[in-house]
Amino acid sequence: MKQHRTTATILSVLVQGLGQIYNGQRLKGIVLLLIEALGLVYLVPRLGEAFWGLATLGETTQKFVKVNNSSQLVKGDHSIFLMLNGLIVVFVLIVFLVIYVLNIQDAYKTGLLRDRGEKPKSFRQSYENATGRYFPYLMLALPALGVLFFTIMPIIFTILLAFTNYSAPDHIPPAKLVDWVGFKTFKDLLFLKSWSHTFFGVLFWTIVWAVVATVTTYFGGVLVALLIEQQGIRFKKLWRTIFILPYAVPQLISLLIMKNLFNGQFGPINQYFKAFGLDGLPWLTDPFWAKVTVIVVNMWLGIPVSMVLILGVLTAIPKDLYEAAEVDGASSFQKFRIITMPFILFATAPVLIMQFAGNINNFNVIFLLTNGGPIKGDYQFAGATDLLVTWLYKLTLDNSKFNVASAIGIVIFLMIASFSIWNFRRSRSFKEEDMIQ
Amino acid sequence: MKKWLGIALASIMVFALAACGGNNGNNQASPSASSSPSASSESPSASSDPNESGAEKLQPEPGASLVIWEDENQRAFVETIAKEFEEKYGVPVKMEKVAPPEQVTKLTTDGPAGLAADVVVFPSDQIGRAATAGLILPNDVYEEETKNSSLENAVNAVTFDGVLYGYPYTVETYALIYNKKLIPEAPKSFEEVIEFAKTFNDPKNNKYAMMWELQQFYYDFGFLATTGGYMFGDNGTNKDDIGLNNEGAVKGGQFLQRLHKELLPIKTGDVNYDIKKGLFTGGTLAMDINGPWALTDYRNAGIDIGVAPLPTIDGNKFVSFSGVKAYYVNANTKYPNASKLFAHYISSKEAQLKNFEMNGILPANKEVAEDPKVKSDEVTIAFLEQFANSVPMPAIPEMGSVWNPIIAAITEIWDEGKDVKASLDKAVNQIKEGIASGQQ
């Protein structure tokens, strides 16, 4: 008798919960009915306006109306609020649709049970099922809702902004409307000379910076760790403590003080140079030297971190490998190249990838030390040491070009995500998780 | 049979609920339209009250309570005035600390959301941003009064696109602040400054005759403008007419190169506000180009300071940038009448005089500027004299595209001694490109 499950399914499709009532699960069916009622009460009045708002982003702007010689505001459509409200309604719709689909599935399955001749579950049994076998799903439901509305929705909102023309001076609501422009923002970033020149310049420097900063801090850390762990060194703990200090001082303070240290005219470093009769170097005012300074300061800040990591890895290398190498007559350098380095690389490859991705977005060092560095006139709102992320900051807070900032954010994400995933899958530590040799 | 009856009842329940919900939703769509009729019902009471002293054209809405955003150093003044206002009109006013240069950014997001203050304060160069975004109400009820009682430069600065928005209360410009111990009398021309520097300058011991923030075009502009340059034509409103590379500006740039050699042999990036303050309070900097905001710190350090209008260049009075701080009414305020009344009250003649006594501000009101208390303060007179020679910072939104290119050009001219005309031409081209790409 196929009849039960077909009827149950059709009934549940028509009205949520009806199929369950038909199957004899009255209480469950009523609960589902109430949920659908709630959903309809919220959605029916709002769906039309939400879709209209998302599609058109508003049609009338606000006006000032003189009432007895005093201007009053008559509100119009606020494009961004419309987009936001539309998104919220769409997400609520999605949540209710998910419940709806689950309800249909459930009606079908119970109908199937009845066709086979078995009794459908009573409400008590369903309840025990939910809090027993399906407990994880039940518990995660609330956090999942939270993540949906407080993490995923803002991300989708930001991504949508990149496809509008929301920017100063012509498209700031509520006085002006914002429109959908599709891929125009991305096209401008890549092809319109005034933006693309800045974009590619900043992108190039971001990649150079990420590579150089990661490599220098990593190998710097390796060097320092190896030095400390040498046989003849005494007071190992003291050296470790001293070298950890830069990491212990808050980065904010170190960087602000460094900014004054490197001042070309009045900073102590150049004063020392001058005391020896040498000319000072333009640490922060020349584009090339500013880049060098930024990398050197980042080494000072980043080496402690690598050093601690690698000190830990070094202690895990089995000593008998070294003894065997001694017996075979290996030189120090060969021991380093064949035993130590591969071991360290293997153990810290994921960390290296993480650091590279993190350095692409290393906001603190650039922003606090040079604030984007010597200003470049032919760059749109950017300087010689600006990374994509600091440029994004300036575009948003100083210049209100929100759509360009969103587009850049998406570019950064695509870059980091694709590189990280590709490289991580490629690295041996992922492929051979349980082998170390 | 019973089963189907139950099912039918349940379905009717669901659809009945949905229908009622639908009606509620439609009712919510109309509140925005109802706000204006309620406002118009307020004003007839104002016009039908001729017994008021004539200055009160507005009545505050019943149950109004206001919030004002201001800088922390104005707190004592605002709270005094707020108390008086509450006694007179029964409207309490609360102050929240928000720095004026950041208020427009905050207003852009908070205003339409109904979270912003009712009265805000920001410098006049942001008025273009605020007005084009529709965030502030025009100053209409008190327009004539404001225009008649304020200095002309101040009124121009708070007008945008022909509409007066602000209730100005203080004018700001920079002038020459000098250490009387190192240079007893203020120099009248830049030639005198250069002469003084010949004997005074000693970079090894950090002694300099004069310094200003080279990286802030706010100050560098004066050197280009005094010799004939300008920012935007038509009184700073025509974005297509940029005068930063005309003959006068080129002459100014060449003069800057001379100053770099003979007066201030430092790179632009090496001067910042804190370093300059350190040198001046340490007694090794003789003259500083700075504004009234710096005076308190200098006085507290015990320096015997004098203030004078800036020295002339080639006989021309130094053209500085001026800013005007004014009160503005948030367009999304719930109490527009009470807000306008308060903005007018706190920018009135009496209030500005009190603000001068408490904080030493330069008043925007003509009568207060003539008051003997103000006139007897030599510092204020010097600033007001310099204000008369100043031009307001252009308020059009295109200003945002100007700063980067022109500072890069000044850096090239000053640090590297590049050809002035070429650098300025390049900067103007970049500015024009920047404006064009922003206009999408």
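Residues numbered from 1 in each chain as written. Chains lettered and ligands numbered in written order. Predicted model: local features only at pLDDT ≥ 70, side-chain atom pairs only at ≥ 80, totals over all residues.

Caption draft 1: The overall build of chain A, seen in detail. A count of helices and strands for chain A gives 18 helices and two strands. Over its C-alpha atoms chain A spans a radius of gyration of 31 Å, topping by over 25% the 22 Å that the globule rule assigns to 437 residues. Oriented by its inertia axes, the alpha-carbon framework of chain A measures out at about 90 × 80 × 35 Å. Expressed as a percentage of its 437 residues, the buried residues of chain A come to 35%. Counted over contacts in chain A with a minimum sequence separation of 6, partners at least 24 positions apart contribute 64%. (Helix = DSSP H or I, 4+ residues; strand = E, 2+ residues; numbered from the N terminus. Rg over C-alpha atoms; globule rule 2.2 N^0.38 Å. Buried ≥ 20, exposed ≤ 12 C-beta atoms within 10 Å, placed from the backbone. Contact = placed C-beta atoms within 7 Å.)

Caption draft 2: Looking closely at the environment of A:Ile104. Residue and element names in this part refer to chain A. Along the polypeptide, Ile 104 turns up in helix α4 (residues 79-115). Ile 104 sits in the partly exposed class, given 17 other C-beta atoms within 10 Å. With 91 residues separating them along the chain, Ile 104 and Val 13 place their C-alpha atoms 6.2 Å apart. Not counting residues up to four positions away in its chain, the partners in contact with Ile 104 are Thr 9, Ser 12 and Val 13.

Caption draft 3: How the structure looks around the interface of chain A and chain B. Of the residues lining the interface, 53 residues belong to chain A; the matching set on chain B comes to 57 residues. Broken down by secondary-structure element, the contributors of at least two residues to the side of chain A that touches chain B are α2 (18-22), α3 (26-56), β1 (63-67), β2 (70-74) and α8 (193-229) of chain A. With nine residues, the top contributor of residues to the side of chain A that touches chain B is α3(A). Partitioning the side of chain A that touches chain B into residue classes produces 31 nonpolar, 16 polar and six charged. (Nonpolar A, V, L, I, M, F, W, Y, C, P; charged D, E, K, R; others polar.)

Caption draft 4: Spotlight on the sheet that holds strand β12 (residues 305-308) of chain B. Residues and elements named next belong to chain B. The strand order β9-β11-β8-β12 describes an open sheet built from four strands, whose pairing is mixed. Where the open sheet ends on each side, the last strands, each with one partner, are β9 (208-211) and β12. The mean angle between the axes of side-by-side strands here comes to 20°, regardless of whether they run parallel or antiparallel. Looking at chain direction, β9 and strand β11 (residues 285-290) are connected through three bridges and run parallel. Looking across to β11, one finds that Tyr 208 is bridged to Leu 285. Where helix α19 (residues 378-388) meets the sheet, it contacts β8 (175-179) and β12, and its direction lies at approximately 30° from that of β12. (Pairing = 2+ DSSP bridges. Axes fitted to C-alpha atoms, helices over the stretch in contact; angles between N-to-C directions.)

Caption draft 5: Structural view of the domain arrangement of chain B. Residues and elements named next belong to chain B. Assigned domains of chain B: these are domain 1 (59-172 + 323-391) and domain 2 (173-322 + 395-438). Spacing between the C-alpha centres of domain 1 and domain 2 amounts to 29 Å. Between domain 1 and domain 2, the residue contacts involve 23 residues of the former and 20 residues of the latter. For the side of domain 1 that touches domain 2, the secondary structure elements donating two or more residues are α6 (127-132), β7 (167-173), β13 (321-330) and α19. Here the side of domain 1 that touches domain 2 gets six residues from one element, more than from any other, and that element is α19. In the side of domain 1 that touches domain 2, the residues fall into 10 nonpolar, nine polar and four charged. (Domains from an automatic or database assignment.)

Caption draft 6: Fine view of the domain arrangement of chain A. All names here are of chain A. Domains assigned within chain A are domain 1 (3-181) and domain 2 (187-431). Counting residues at the interface gives 10 residues for domain 1, matched by 10 residues for domain 2. For the side of domain 1 that touches domain 2, a count of residues per class yields six nonpolar, four polar and no charged.

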